[in-house]
Amino acid sequence: MKAQVILPALLLLSGNAIGIGVNPKDDPANVYKYLKDESGNCVTYVNGCGGNHSLTQYETRDGFSGFPYGLPATYSASQTGLDLDGTSPNVSKYSGNLATYTAKHAPVAIRHGDYTYFVYSGSATLSSAPTTVASTHGAGNVGEVTTTDRFKWTLDGTKKSSALSIFVSRAKHQTNGNIVVEKPVLIHSKYTDDPHDNAVIGIDGNGYLYVLIAGRSAKRGSFLYKSVNLASSTNALDSFIDISPDNVDYSGCLNLPAGVQNTSTYGCDGSGSSPQYRGIAYPKMFWMNDHFRLVYSVYGKSGRRNLYTAELQVNGASAATKAKMKNIRVLSHHAHYAVANKVGNKIVVAFNYHPDGSIDNRTNLYALLLEGSVWKRWEVGNTNPVAASLPISYTTSSQSNPWLSNLAVKEYPSTLERGVYVKDVTMVNGKPLILYVGVLAKNLGNDTHVPHKDHDHYLAQAYWNGSAWQMARISDSVDHNYSSGSFYVRSSNDIRVIYPHTPDTKNNILAGGQMVSVQIVPGSPGYTNLVALTPSSSAVPGAPGYLNGLCEYNYARPVYNPHPDGQFVALFSGGNPAQYEGTPQLAHAPLFVSGSHAKALAKRLPMSGMGSGWNGLQTNLGCTP
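Computed from a predicted structure; not experimentally measured.

The subject of this paragraph is the overall build of the protein chain. Along the backbone of the protein chain there are three helices and 44 strands. Residues counted as buried form 61% of the 625 residues belonging to the protein chain. Contacts in the protein chain between residues far apart in sequence, at least 24 positions, make up 63% of those at least 6 positions apart. Accessible surface, the protein chain as shown: approximately 21,400 Å² in total, 47% of it carbon and sulfur.

With that settled, the discussion passes to the state of the cysteines. For the structure on display, the rule yields one disulfide. Note that Cys551 is cross-linked by a disulfide to Cys623, the S-S spacing being 1.9 Å. Where Cys551 bonds to Cys623 through sulfur, the torsion about that S-S bond is close to 65°, and the disulfide is right-handed. With Cys551 in the loop between strand S39 (528-532) and strand S40 (552-558) and Cys623 in the segment after strand S44 (618-619), the pair connects residues that are 72 residues apart, well separated along the chain. Owing to a relative accessible area of 19%, Cys551 belongs among the buried residues under this scheme. Residue class for Cys623 comes out buried when judged on its relative accessible area of 7%.

Okay, the sheet that holds strand S36 (residues 486-491) next. Spatially, the four strands line up as an open sheet ordered S36-S37-S38-S39, and their pairing is antiparallel. With one partner strand each, in any of the chains shown, S36 and S39 form the two edges of the open sheet. The mean angle between the axes of side-by-side strands here comes to 25°, regardless of whether they run parallel or antiparallel. One ladder, built from five bridges, connects S36 with strand S37 (residues 494-501); its direction is antiparallel. Counterpart to Ser486 in the pairing with S37 is Ile498.

Let us now look at the sheet that holds S44. Working definition: the strands of a sheet are paired by backbone hydrogen bonds and lie parallel or antiparallel to each other. Read from one edge of the open sheet, five strands run S40-S41-S42-S43-S44, paired in antiparallel fashion. The sheet is open, and its two borders are formed by S40 and S44, each paired with just one other strand. Across two bridges, the pairing between strand S42 (residues 591-594) and strand S43 (residues 603-604) is antiparallel. Directly across from Val593, in S43, lies its bridge partner Lys603.

As a further point, take the nonpolar core. Counting 49 residues, the largest nonpolar core has Tyr117, Val168, Leu209, Phe240, Leu459, Val497 and Ile520 as its most contacted members. When residues of this core are assigned to their parent elements, the largest contribution, four residues, is made by strand S33 (residues 431-440). Here Leu459 is in contact with Leu435, Tyr436, Val437, Arg473, Ile474, Ser475, Val478, Val497 and Tyr499, once residues within four sequence places are set aside. Among the nonpolar cores identified, the runner-up in size contains 24 residues, and Val425, Ile434, Tyr436 and Ala462 belong to it.

Attention shifts here to the pairing of strand S24 (residues 305-313). Counting buried residues in S24 gives eight out of nine residues, a clear majority hidden from the surface. Looking at chain direction, strand S23 (residues 291-299) and S24 are connected through eight bridges and run antiparallel. In the sheet register, Phe292 faces S24, and the bridge partner there is Leu312. Both S24 and strand S25 (residues 324-332) contribute to a ladder of six bridges, which runs antiparallel. The residue of S25 that forms the bridge with Glu311 is Lys326.

Following the criterion strictly, the structure yields 14 salt bridges and no others. In this structure, Asp194 engages Arg216 in a salt bridge whose closest nitrogen and oxygen atoms are separated by 3.1 Å. In this pair, Asp194 sits in the loop between strand S15 (185-190) and strand S16 (199-203) while Arg216 sits in the loop between strand S17 (208-213) and strand S18 (223-230), placing the two residues 22 residues apart along the sequence. You'll find Asp194 and Arg216 in the same group, each marked buried. Put simply, Arg473 and Asp476 hold a salt bridge, and the shortest N to O gap is 2.7 Å. Residues participating in the shared-partner salt-bridge network are Lys346, Glu371 and Lys376.

As for its position among the elements, Pro72 is in the loop between strand S4 (68-70) and strand S5 (74-75). Along the primary structure Pro72 and Tyr94 are separated by 22 residues, whereas in three dimensions their C-alpha atoms are 9.1 Å apart.

Attention shifts here to the pairing of S40. Counting buried positions over the seven residues of S40 gives seven, a clear majority of the element. Judged from the five bridges that link them, S40 and strand S41 (residues 570-575) form a sheet pairing that is antiparallel. When the bridges of S41 are listed, Pro558 appears paired with Ala570.

Okay, the packing of aromatic side chains next. All chains considered together, the criterion is met by 23 aromatic pairs. Ring centres of Tyr210 and Phe292 lie 5.1 Å apart, and the angle between their planes is 70°; this geometry places the pair in the edge-to-face category. Note that Tyr210 is positioned in strand S17 and Phe292 in strand S23, a separation of 82 residues in sequence. The two residues Tyr210 and Phe292 agree in class, both being buried. What links up through ring pairs into an aromatic cluster is the set Phe64, Phe118, Tyr120, Phe167 and Phe568. Here Arg170 stacks its cationic end above the ring of Tyr115, 4.3 Å away from the centre of that ring. If you follow Arg473 out to its NZ or CZ, it ends over the ring of Tyr458, 3.8 Å from the centre.

Right, let's talk about unusual backbone geometry for a bit. With an omega of -5°, the peptide bond running from Tyr101 to Thr102 counts as cis. Looking at the secondary structure, you find Thr102 in the loop between strand S7 (95-97) and strand S8 (109-112). Of note, the bond from Ala106 into Pro107 is cis; its omega dihedral lies within 30 degrees of zero at -15°. Turning to its location among the elements, Pro107 is positioned in the loop between S7 and S8. Backbone geometry at Ser88 places phi at a positive 55°, although glycine is not the residue there. Note that Ser88 resides in the loop between helix H1 (77-80) and strand S6 (91-92). Among the residues examined, Ser88 registers a relative accessible area of 40% and is labelled partly exposed. Notably, Asn561 is not glycine yet its phi reads approximately 55°, a positive angle. Tracing the sequence through the fold places Asn561 in the loop between S40 and S41.

Criteria and thresholds
- Residues numbered from 1 in each chain as written.
- Predicted model: local features only at pLDDT ≥ 70, side-chain atom pairs only at ≥ 80, totals over all residues.
- Heavy atoms only, no water.
- Helix = DSSP H or I, 4+ residues; strand = E, 2+ residues; numbered from the N terminus.
- Buried < 20%, exposed > 50% of the residue type's maximum accessible area, 1.4 Å probe, protein only.
- Contact = heavy atoms within 4.5 Å.
- Areas by Shrake-Rupley, 256 points an atom, 1.4 Å probe, with all protein chains shown as cover.
- Disulfide = S-S within 2.5 Å.
- Pairing = 2+ DSSP bridges.
- Axes fitted to C-alpha atoms, helices over the stretch in contact; angles between N-to-C directions.
- Core = buried A, V, L, I, M, F, W, Y, C linked by side-chain atoms within 4.5 Å.
- Salt bridge = Lys/Arg side-chain N within 4 Å of Asp/Glu carboxyl O.
- Phe/Tyr/Trp six-rings, centres within 6.5 Å; stacked < 30°, edge-to-face > 60°.
- Lys NZ or Arg CZ within 6 Å of the ring centre and 35° of its normal.

Okay, here's the thing in structure tokens:
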């Protein structure tokens with residue numbers, strides 16, 4: 001019998017809402033962990049936690065459709081310097097098909113034998129009403145968004161956004177060099193529309209599959225699902241069990257006195273004055289012999305968003321025995337946005353910094369390496385990395401931080417004139433290589449977070465050459481901080497970057513672009529061998545009707561340990577970052593896989609009509625069904 005997820009009716013937060021409790025199973029609806037307090041009392045919804053709309057877990061869906069979303073915070077044409085279509089539409093801080101968001105979740109795809117497993121987010125229909133999409137806001141009626149309705153990211157109060165639903169599927173690499181896919185399986189629907197709660201995927205040493213669903217902020221918890229069957233089996237995706245660990249009390253770390261410089265006496269053992277339960281935000285999860293290594297963020301107080309690491313123990317975990325988080329420690333205070341990758345038996349991490357704790361202030365670049373049980377850093381003059389002194393303490397008002405500076409790849413002046421947005425990290429010949437988007441504000445001010453046509457956006461790399469860091473621009477054809485690409489290391493002499501490419505003539509201040517693959521040399525500027533993976537558009541920003549049918553591609557995510565046939569090395573999403581309209585609702589949110597080298601042309605995952613068994617992919621297709 002399939003497990004049932006009961007979707008409550010409201011998303012409205014009450015004025016006396018509290019944080020999540022210790023036990024994720026305190027929520028019998030299994031949608032949010034913070035619906036109830038530890039005594040079982042409803043604390044988050046104005047009109048109660050009830051509801052009778054069900055959504056079946058572990059149920060296949062007929063096609064792949066991503067998750068359209070736009071941040072409600074918008075900017076006017078006068079603020080961005082660009083009227084996109086002659087009607088002066090507002091522009092979201094970021095928007096689009098966020099099925100493979102964020103660049104700080106890893107991995108979202110992993111190869112195991114002749115299969116590549118992947119996770120993504122999308123909308124889901126109710127089991128009791130197949131034409132009705134589960135909504136986050138229904139005022140007593142969950143089914144207010146339907147597949148024939150029109151959803152626009154500029155939420156005007158009359159339309160309701162879809163509940164974030166997490167899916168898993170797999171591609172089979174055939175001996176003829178092609179790949180085929182199975183129907184996606186719904187793992188979990190969260191009663192939120194925030195794609196920051198997207199999932200990551202992992203496989204343990206015994207061959208079982210795990211899906212970790214993120215929990216952002218101080219109120220949303222995380223979920224961990226384990227496959228009942230081995231990943232290599234024919235029925236690998238048939239069933240999963242919930243082994244979510246208890247939420248962790250971070251009060252010993254989050255209730256730090258102002259201005260603390262040495263946190264060695266502050267553990268993460270719940271020793272603070274009041275409980276501070278948190279989920280796992282921006283998860284990075286890699287198997288290490290007998291546990292998963294986590295690198296993740298924790299939301300603290302007064303803008304403190306801190307970088308943590310922990311061991312996720314899953315051996316012996318079952319429906320009756322939860323997974324456990326062990327050896328939790330702070331890596332850095334105020335270091336929030338991080339990317340990580342496992343190369344060989346090492347984990348490399350790159351992250352930026354929030355001066356004054358402001359989420360819009362993102363600058364500088366830092367790096368760490370986990371080798372065995374020792375965290376290390378790269379030091380100018382030393383060929384090999386040296387032990388790092390952790391945790392890195394925070395300062396209250398200055399960007400200058402001598403502890404953090406020891407990890408610096410590059411630090412910029414305190415004027416915050418340059419934004420840094422990390423995208424990916426890998427190692428080439430044992431040396432770290434970091435991918436990021438840099439931005440210089442139009443007036444050299446600290447408004448790099450505001451989309452603007454005159455900001456200087458660029459795609460760049462940072463490479464440790466054995467004695468020092470080399471910074472180099474790859475391309476100026478990027479027009480947004482959230483335009484996100486990834487590395488593909490075909491060999492130590494063939495490094496590819498897959499990213500959304502937007503030349504200046506097509507600058508539309510929207511995240512995404514035409515997906516391309518380029519070849520780079522670590523430490524050297526520029527690129528060669530550009531290959532277009534997706535169709536290009538002839539439309540020019542500013543023309544009447546420009547936003548109609550716009551198709552942008554974004555969030556290219558690497559496959560961990562990709563198959564040597566080169567058919568599936570990245571997963572990305574496509575859609576209209578300005579609006580979604582048409583019939584059905586999900587028609588303009590496709591997903592794509594990209595190959596390497598001669599196999600680079602992107603292939604679209606089937607959006608409907610999959611039938612039973614394995615299905616082929618579609619080539620040379622954009623966002624139109």
